[in-house]
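Tertiary structure, described
As a plain string of letters, each chain reads:
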Amino acid sequence: MSRYVYDFRDGGRELAALLGGKGANLAEMTRLGLPVPPGFTVTTDACRAFLANGEEPAGMSAEVSRHLSALEAATGRRLGQRDDPLLVSVRSGARFSMPGMMETVLDIGLNDDSVLGLAKVSGSERFAWDSYRRLVQMYGSTVMGVEPARFDEVMARLKEARGAPDDLRLDAGDLARLVETYKQLIRDETGRDFPQSPAQQLQQAVLAVFRSWNAGRARLYRRREHIPDDLGTAVTVQRMVFGNLGPDSGSGVAFTRDPATGRPGLYGDYLSNAQGEDVVSGVRDAVPLAELERLDPASYRRLRDHARTLERHYRDLCDIEFTIERGTLWMLQTRVGKRTAGAAFAIAAELVEEGLITADEGLARVGGDGLARLMFPRFDTSAAGTPLTHGVPASPGAAVGAAVFDSAEAVRRAAAGERVVLVREETTPDDLPGMVAAQAVLTGRGGKTSHAAVVARGMGKVCVCGAQDITVDTGARRFTTRAGTVVEEGTVVSVDGSSGDVYAGAVPLAASATMRYLETGEQTGSEVASVARALEHADAVRRLEVRANADTPEDAARARRFGARGIGLCRTEHMFLGERRRLVEDMILASSDAARERALAALLPLQRQDFAGILEAMDALPVTIRLLDPPLHEFLPDRTGLAVRVAAAEAAGGRADAREAELLAAVNRMHEENPMLGLRGVRLGLVVPGLVAMQVRAVAEAVVERVRAGGSPRAEIMVPLVGAVEELRLAREEVRRVLDEVGAETGVPVECPVGTMIELPRAALTAGRIAAEAEFFSFGTNDLTQTTWGFSRDDVEAAFFPAYLDKGVFAASPFETLDREGVGRLVRIAVEEGRAARPGLQTGVCGEHGGDPESIRFFHSVGLDYVSCSPFRVPVARLEAGRAALDDVDTGDTR
């Protein structure tokens, strides 16, 4: 038969999955001999059984009764007896901390009789009635479903009538009448009476805490923190101790180090003559914990000693809740404390220095998400005011600039020295110059993996996408919010890519110290020093290599400064935009082989120059160059705009511009219903004569140029969107032909490995055959996710992802964190079958997932050789690759 209840003396922190964090840590403190009020824990197993079946599991009630009887015997009091009653608290306690998300009920056992006994034994009628009103209020809202605000309204009216600024000014008579008013409120709202039976109070409170696991706020919190929904919560039942017995009593929260900075010392808040919920709810202003040393020196010293014991035992920052009852200190809870990103790095480094933890454990306690936050520029939100709009926080950071509504205007203003924010309904590759020029990008459509988001992250550019309550009118050069605010071109706005908020006016910002260190190597302050030590250790232990996705020499140089060991994805399509676009148009419009060859010949030296610059910036490191991937129509003008201009010219009795008419015909000819699954990638190279040859020749000639300059170029050529080995074989033959040709012409042998992107399910499932022609695999997980799920990433995030996340279809967006069960399985199959066919096959990933901490751990586990991500995610990937390597090692961290 299952066991559902454990005494505090029977557990320990190793049972956190069963007893929840609170129950396990109360048991651990009991084991350490700290002053913990006695009690017991109802397990998460019981919660899961209740939630699954809608009723208590068999035997639970009897176990609770037995443990309650033992508690009564130990304290010499019975629950709810008239004279000197035993009172208990009922609190939630999930395995992972979810502060404030679930329910608590205090003072269980009070009723119309026992409140009189409590008044007598305590010598304070006011204390007894204050405790009773707390029970009725908490029980009424938590168990019986009365809106908490209704109780607050009653309390507010009473304080106003008495001229009392806070509840301390209410006397025993006031509180006794308040109890009756509360009970009447419950009767009016629910049609039921507040129960006088202590046993019923306890039973219903425990079940209410179980139900609170599925409350909306708890579900939302778990979704944000990636806590599984199926864990359930434990419930602790503990003898009450009272901080509201007078000036020699009180409650507080303490931290063994400053959770904001990581500095050692005792930090926290204390509230005299109060219960714990008064401290966290803010009903009265608490005082700094240091004030307790003056108010009660003996209790302060004991608290300080216990805090030291806990920090040394847990070997980490501890968060402590305590109550002082008439000069006696009681420890009510401890847990490893939450902290800021900066504090996390500082504390880990200091504990390593102190010898409490190893360097591996220190690395395990910091994370890439925290490092990314330290890299962001910051807004002074106190000066920000109310946001104009809110969207998807697609690329973090903070930026200020004048709103502009097309790429050309962004470039023009930026060239004149003005900071701008590019505002578009959605972006296309042709907006890249404007995105480069802008400080931030704001779009009315799209999600975290839309074009704007992916490109912005790659550049470290602030981006907010999918601000659906704005209407972008590019013709009128303005956007309008749902509230009616009109933002004209030139109006200064501030964009917070971390929160998704957009503000009117300029909110002050500055580069972070961590970013200055990564850019320059300058170490200023303990936070930066601790980041540097973490990255150094991560680099020493990681197996995964970290490369960058970079398309320009400037991005390549930045990535190298940030620690990248090569380029895993150089996208050649971005080199065809701006002034070069007309040359691409000439190639598309060519009516003869000769005309097409002339257009390609004009592009060749420009591509060669691009590649030479990138190879120089990454000298001696691998540079994987992807052949042209997007459909050619993306390099042509907008179809609708062309049609309107041509029609308008003809309607006016004239003739349309010949080139525009020719372009419109080409756009119509090349139109596809689903272009991302159409003529793109390797398919382009096989049907557009000369395209692959031009790009490969540009790479080969750039390699020769670098060799002759004394460099050590390591170019790799990657063929995109391969679905069949025959496609790769044909493309590879063309690549090899051109490489040999350039080598023969120049007398410099050109050896460039040729591989492919695995971004289609068929490619993953036939990886063994494809490996016969591929010298490396690079997983394009963005497209592999789209094609595996059948999603269009530009549409689905805003359309239904929020509902899917809320309903538990996703734990996280599959475009942010790799779907291990589906897409991950394809990756694993491709790695295993590819290496079986070609031992030593190099494998990596160049999708957005290459910079995601959770995904990096998966890529390590399946044996990839490298991850590649945007330059600004390189430090994050280095850190997470090191932490992933620790999964293979027992760090000894048993917190």
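In what follows, the accompanying structure is described. Predicted model only: the values in this text are computed from it and were never measured.

Quick notes on the overall build of the protein chain
- Helices and strands together make up the secondary structure of the protein chain, namely 36 helices and 31 strands.
- Summarising its shape, the C-alpha atoms of the protein chain cover approximately 105 × 65 × 55 Å along the three principal directions.
- The contacts of the protein chain with a sequence gap of at least 6 include a subset with a gap of at least 24, amounting to 68%.

Concerning the sheet that holds strand β18 (residues 470-473)
- Spatially, β18-β19-β20 is the arrangement adopted by the three strands of the open sheet, whose pairing is antiparallel. Every interior strand has two partners, whereas the edge strands, β18 and β20 (486-488), have only one. Strand-to-strand twist in this sheet, taken as the mean axis angle between neighbours without regard to direction, amounts to 15 degrees.
- As judged from the three bridges shared by strand β19 (residues 478-481) and β20, these two strands associate in the antiparallel manner. Pairing of Thr480 across the sheet is with Val486, part of β20.

Observations regarding the sheet that holds strand β22 (residues 501-504)
- On the basis of which strands lie adjacent, the open sheet formed by eight strands has the order β12-β22-β21-β14-β15-β16-β17-β13 and mixed pairing. Of all strands in the sheet, those with a lone pairing partner are β12 (389-390) and β13 (392-395), marking the two edges.
- Note that β12 and β22 share two bridges and pair antiparallel. Paired with Thr389 across the bridge in β22 is Val502.

Thoughts on the packing of helix α27 (residues 691-708) against helix α28 (residues 725-746)
- With their axes 9 Å apart at the nearest point, α27 and α28 run at an angle of 40 degrees to one another. Put simply, α27 runs oblique to α28. Seen along the crossing, α27 lies across α28 with a hand that is right-handed. Contact residues: α27 offers Val692, Ala693, Val696, Arg697, Ala700, Glu701, Val704 and Arg708, while α28 offers Glu734, Val735, Arg737, Val738, Leu739, Glu741, Val742, Glu745 and Thr746.

Considering a nonpolar patch on the surface
- Side chains of Leu679, Leu686, Val687 and Leu730 sit close together on the surface and give an oily, nonpolar patch of about 320 Å² of accessible area.
- Among the structural elements, Leu686 can be located in helix α26 (residues 682-687).

Considerations on helix α8 (residues 198-212)
- Taking 1.5 Å of rise per residue, 15 residues should cover 21 Å, and α8 covers 21 Å from first to last C-alpha, within 8% of that figure.
- If you check which residues of α8 are buried, you get Pro198, Gln201, Leu202, Ala205, Val206, Leu207, Ala208, Val209, Phe210 and Ser212.

As for helix α20 (residues 525-541)
- End to end, α20 covers 25 Å across 17 residues, agreeing with the expected 24 Å (1.5 Å per residue, within 8%).
- When we look at burial in α20, the residues that qualify are Val528, Ala529, Ser530, Val531, Ala532, Ala534, Leu535 and Ala538.
- Elements that come into contact with the buried residues of α20 comprise α13 (341-353), α14 (359-364), α15 (368-375), α19 (513-520) and α36 (874-886).

Description of the packing of aromatic side chains
- Overall, the coordinates contain 21 aromatic pairs when judged by the stated rule.
- Both rings, one in Phe791 and one in Phe801, keep their centres 5.4 Å apart while their planes meet at 65 degrees; by these two values the pair is edge-to-face. A residue pair is termed long-range when its members are at least 10 positions apart, and Phe791 in the loop between α31 (781-789) and α32 (793-799) and Phe801 in helix α33 (residues 801-806) qualify at 10 residues. You'll find Phe791 and Phe801 in the same group, each marked buried.
- Taken together, the aromatic side chains of Trp789, Phe791, Phe800, Phe801, Tyr804, Phe810 and Phe815 make up a single cluster linked through ring pairs.
- Taking the ring centre of Tyr314 as reference, the NZ or CZ of Arg13 above it sits at 5.1 Å.
- Here the guanidinium or amino end of Arg547 rests over the ring plane of Tyr866, the centre of that ring lying 3.9 Å away.

Definitions and limits used
- Residues numbered from 1 in each chain as written.
- Predicted model: local features only at pLDDT ≥ 70, side-chain atom pairs only at ≥ 80, totals over all residues.
- Heavy atoms only, no water.
- Helix = DSSP H or I, 4+ residues; strand = E, 2+ residues; numbered from the N terminus.
- Contact = heavy atoms within 4.5 Å.
- Pairing = 2+ DSSP bridges.
- Axes fitted to C-alpha atoms, helices over the stretch in contact; angles between N-to-C directions.
- Parallel < 35°, antiparallel > 145°, perpendicular 65-115°, else oblique.
- Left-handed = near helix turned anticlockwise from the far one by under 90°.
- Patch = residues over 30% accessible without salt bridge, like charges linked within 9 Å, V, L, I, M, F, W, Y side chains within 5 Å.
- Areas by Shrake-Rupley, 256 points an atom, 1.4 Å probe, with all protein chains shown as cover.
- Salt bridge = Lys/Arg side-chain N within 4 Å of Asp/Glu carboxyl O.
- Expected span 1.5 Å × (residues − 1).
- Buried < 20%, exposed > 50% of the residue type's maximum accessible area, 1.4 Å probe, protein only.
- Phe/Tyr/Trp six-rings, centres within 6.5 Å; stacked < 30°, edge-to-face > 60°.
- Lys NZ or Arg CZ within 6 Å of the ring centre and 35° of its normal.

Spatial relationships are all this shows, so hold off on functional conclusions.
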